[in-house]
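One-letter residues, chain by chain:
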Amino acid sequence: MTNAPIPSGRHRVRRDGDVVEFTRTYRAAVDDVWAAVTESDRLARWIGFFDGDPDEGHVAFTMNAEGEENMTPVRYDIRRCEPPHVLQVHTTDDAGTWDLILELDENSGITTLRLSQIVHDPEVIESTGPGWEYYLDRLSAVVTGTDPADLDFDDYYPAQREYYLTVRDRVNASANRSPDSGY
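- The record in UniProt for the chain states the following under Sequence similarities (unreviewed entry): "Belongs to the AHA1 family."

1. Some words on the pairing of strand S7 (residues 96-107)
Link 1 in the chain: Pairing between strand S6 (residues 86-93) and S7: 8 bridges, direction antiparallel. Opposite Leu-87, over in S7, you have Leu-102 as the bridge partner.
Link 2 in the chain: The turn linking S6 back onto S7 is made up of 2 residues.
Link 3 in the chain: In this sheet, strand S8 (residues 110-118) lies alongside S7 in antiparallel orientation, the contact comprising 8 bridges. Bridge assignment links Leu-100 to a residue of S8, and that residue is Gln-117.
Link 4 in the chain: Count of turn residues in the S7/S8 antiparallel hairpin: 2 residues, of which Ser-108 carries a positive phi of about 55°.

2. Here we look at the layout of surface pockets
Link 1 in the chain: Of the voids in this model, the largest pocket is the one considered here, and its volume is about 1200 Å³.
Link 2 in the chain: Of all elements in the fold, only helix H1 (30-38), strand S4 (58-63), strand S5 (74-82), S6, S7, S8 and helix H3 (125-144) reach the threshold of two or more residues within the lining of the largest pocket.
Link 3 in the chain: Per element, the largest residue contribution to the lining of the largest pocket is 8 residues, and it comes from H3.
Link 4 in the chain: Taken as a whole, the second largest pocket encloses approximately 160 Å³ of empty space.
Link 5 in the chain: What lines the second largest pocket is a set of 16 residues, among which Thr-97, Gln-117, Asp-121, Val-124 and Thr-128 lie closest to the centre.
Link 6 in the chain: Of all the secondary structure elements, the ones that give two or more residues to the lining of the second largest pocket are strand S2 (17-26), S7, S8 and H3.
Link 7 in the chain: Ranked by the residues each element gives to the lining of the second largest pocket, the list is headed by H3, at 4 residues.
Link 8 in the chain: The residue inventory of the lining of the second largest pocket, partitioned by class, reads 9 nonpolar, 6 polar and 1 charged.

Thresholds, definitions, all that
- Residues numbered from 1 in each chain as written.
- Predicted model: local features only at pLDDT ≥ 70, side-chain atom pairs only at ≥ 80, totals over all residues.
- Heavy atoms only, no water.
- UniProt positions renumbered as here; feature names shortened; annotations may be inferred.
- Pairing = 2+ DSSP bridges.
- Helix = DSSP H or I, 4+ residues; strand = E, 2+ residues; numbered from the N terminus.
- 1 Å grid on protein atoms, 1.4 Å probe; cavity = no way out; pocket = protein on both sides within 12 Å on 5 of 7 lines; lining within 4 Å.
- Points joined across faces, edges and corners; volume = space filled by probe spheres on them.
- Nonpolar A, V, L, I, M, F, W, Y, C, P; charged D, E, K, R; others polar.

Here it is, written out as structure tokens:
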């Protein structure tokens with residue numbers, strides 16, 4: 001691994017709680033990036049696909065980038081959808097509870113994507129952080145017209161593990177601070 005990806009996730013405190021937030025920018029219209037993260041056939045190019053009608057408030061999402069043995073559909077509840085700017089989803093599966101907030105903003109032809117994962121269990125940050133880096137880089141490949149298959153998860157984990165242990169420690173410190181600590 002000569003060009004290890006640089007981790008970008010940051011601890012943030014939102015009204016929803018502690019989150020790990022990831023940011024990517026694209027020279028693309030917000031509608032194009034929105035389609036890449038909300039249309040099943042476009043999602044399938046970088047992370048997975050869904051069955052069902054989002055207008056019903058939920059879909060069955062299936063990861064397709066982790067091998068066939070991991071292709072189990074999981075219900076995702078759509079908590080908030082404001083096209084093409086905000087999507088918030090919730091699920092619980094064998095790996096835990098997932099609350100994700102996706103926010104898109106466009107300025108002068110540059111779209112900024114922010115993905116926030118609400119932290120329910122800080123101990124999983126060491127693996128979910130590198131996981132989101134990998135998947136968002138796969139999304140970037142799709143948006144920019146390169147092949148996401150050229151990315152290798154082994155370049156992300158365990159290489160980014162120590163960085164995300166530090167992020168985990170910040171989340172734990174935030175959760176354990178007293179209201180008067182000034183942290």
